[in-house]
Amino acid sequence: MNEPATEEPVLPPAQGEEEHPSLALANSAIALPGGHTVDLLGTPPQANRWLTARGLAPVDIGMQDMCAAQLRSLREQIRSLLSAYAAGVPALPAAVMAVNDAMTRVSTTYVLRWDDKTGPYRATPHPTTEIVDHALATLAGDAADLLTGPDAERLTACGSAPCNRYLLRHGRRQWCSTRCGDRARAARAYARRTT
């Protein structure tokens, strides 16, 4: 059973997160030892902080539950694509469709509205929704670039259980952080001693 951790862990970004915000998005749900998890997008204020830290939204856009849920949903679809790519298996069509939908949802013009009394008129979408849609499009586009670009061959899952983060391999490094590397080495040493 996964229990939410009470505090957000202070983890360094995994290799590649700074260049690819979609990788940071995929890594925003963190599995910790002991069955604990941390969701950096768990509440609308957390989702707003996460977007703001990456320059994808202003400090307070009035993020609502629906918008935070859309961000979490895109995260799961991107995680699915990264997992499929890292494992060398076909991606779920729904994940591909969700990323494509996010990339193409951004409005480039005023939308048509209809008032029962005054008739048709053109209007901008809700400002918060528009900001979130642009952020989703940016993240989805980055995921598509990551999976089809030169960095794709370096994409891998962290090699330390129970970690669920992804990284871009650099040399022989297989872990997202020093903490995960230390945990994996300690587990190997313990296994050698007990056999």
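These figures come from a predicted structure and were not determined experimentally.

Rules of the game
Residues numbered from 1 in each chain as written. Predicted model: local features only at pLDDT ≥ 70, side-chain atom pairs only at ≥ 80, totals over all residues. Heavy atoms only, no water. Axes fitted to C-alpha atoms, helices over the stretch in contact; angles between N-to-C directions. Helix = DSSP H or I, 4+ residues; strand = E, 2+ residues; numbered from the N terminus. Parallel < 35°, antiparallel > 145°, perpendicular 65-115°, else oblique. Left-handed = near helix turned anticlockwise from the far one by under 90°. Contact = heavy atoms within 4.5 Å. pLDDT = per-residue confidence, 0-100. Expected span 1.5 Å × (residues − 1). Buried < 20%, exposed > 50% of the residue type's maximum accessible area, 1.4 Å probe, protein only. Arc of directions from axis to C-beta. Salt bridge = Lys/Arg side-chain N within 4 Å of Asp/Glu carboxyl O.

Undergrad: Would you explain the packing of helix 2 (residues 44–53) against helix 3 (residues 65–87) in this entry?
TA: Packed helices, taken two at a time, are described by the angle their axes make and the gap between the axes. Between helix 2 and helix 3, the shortest axis-to-axis distance is 9 Å and the interhelical angle comes to 60°. Accordingly, the angle class assigned to the pair helix 2 and helix 3 is oblique. Between helix 2 and helix 3 the crossing geometry is left-handed. Contact residues: Pro44, Ala47 and Leu51 in helix 2; Asp65, Ala68 and Leu71 in helix 3.

Undergrad: Please explain the confidence of the model for the chain as it appears in this structure.
TA: Low pLDDT means the predicted atomic positions in that stretch should not be read closely. For the chain, the mean per-residue pLDDT works out to 87, and 90% of the residues sit at or above 70. The secondary-structure element of the chain with the lowest mean pLDDT is strand 1 (residues 3–4), recorded at 50, while helix 1 (residues 21–26) shows the highest, at 97.

Undergrad: I tried to follow helix 4 (residues 93–104) on my own but got confused; where do I start?
TA: In this model, helix 4 (12 residues) spans 16 Å end to end at C-alpha, consistent with the 16 Å of a helix rising 1.5 Å per residue. The set of residues buried in helix 4 consists of Ala95, Val99 and Ala102. Looking straight down helix 4, one finds its buried side chains confined to an arc of 65°; they lie on one side. For helix 4, the exposed residues lying more than 90 degrees away from the buried face are Pro93, Met97 and Thr104. The inward-facing, buried residues of helix 4 contact helix 3 and helix 5 (127–148).

Undergrad: Which parts of the structure should I look at to understand the pattern of salt bridges?
TA: Side chains carrying opposite charge are able to pair once their charged atoms draw close together. What the rule picks out here adds up to five salt bridges. Across the pair Asp133 and Arg105 runs a salt bridge, and its minimum N-O distance is 3.8 Å. With Asp133 in helix 5 and Arg105 in the loop between helix 4 and strand 4 (111–115), this residue pair connects regions lying 28 residues apart in the sequence. A relative accessible area of 32% places Arg105 in the partly exposed class. Overlapping salt bridges bring together Asp39, Arg75 and Glu76 as one network.

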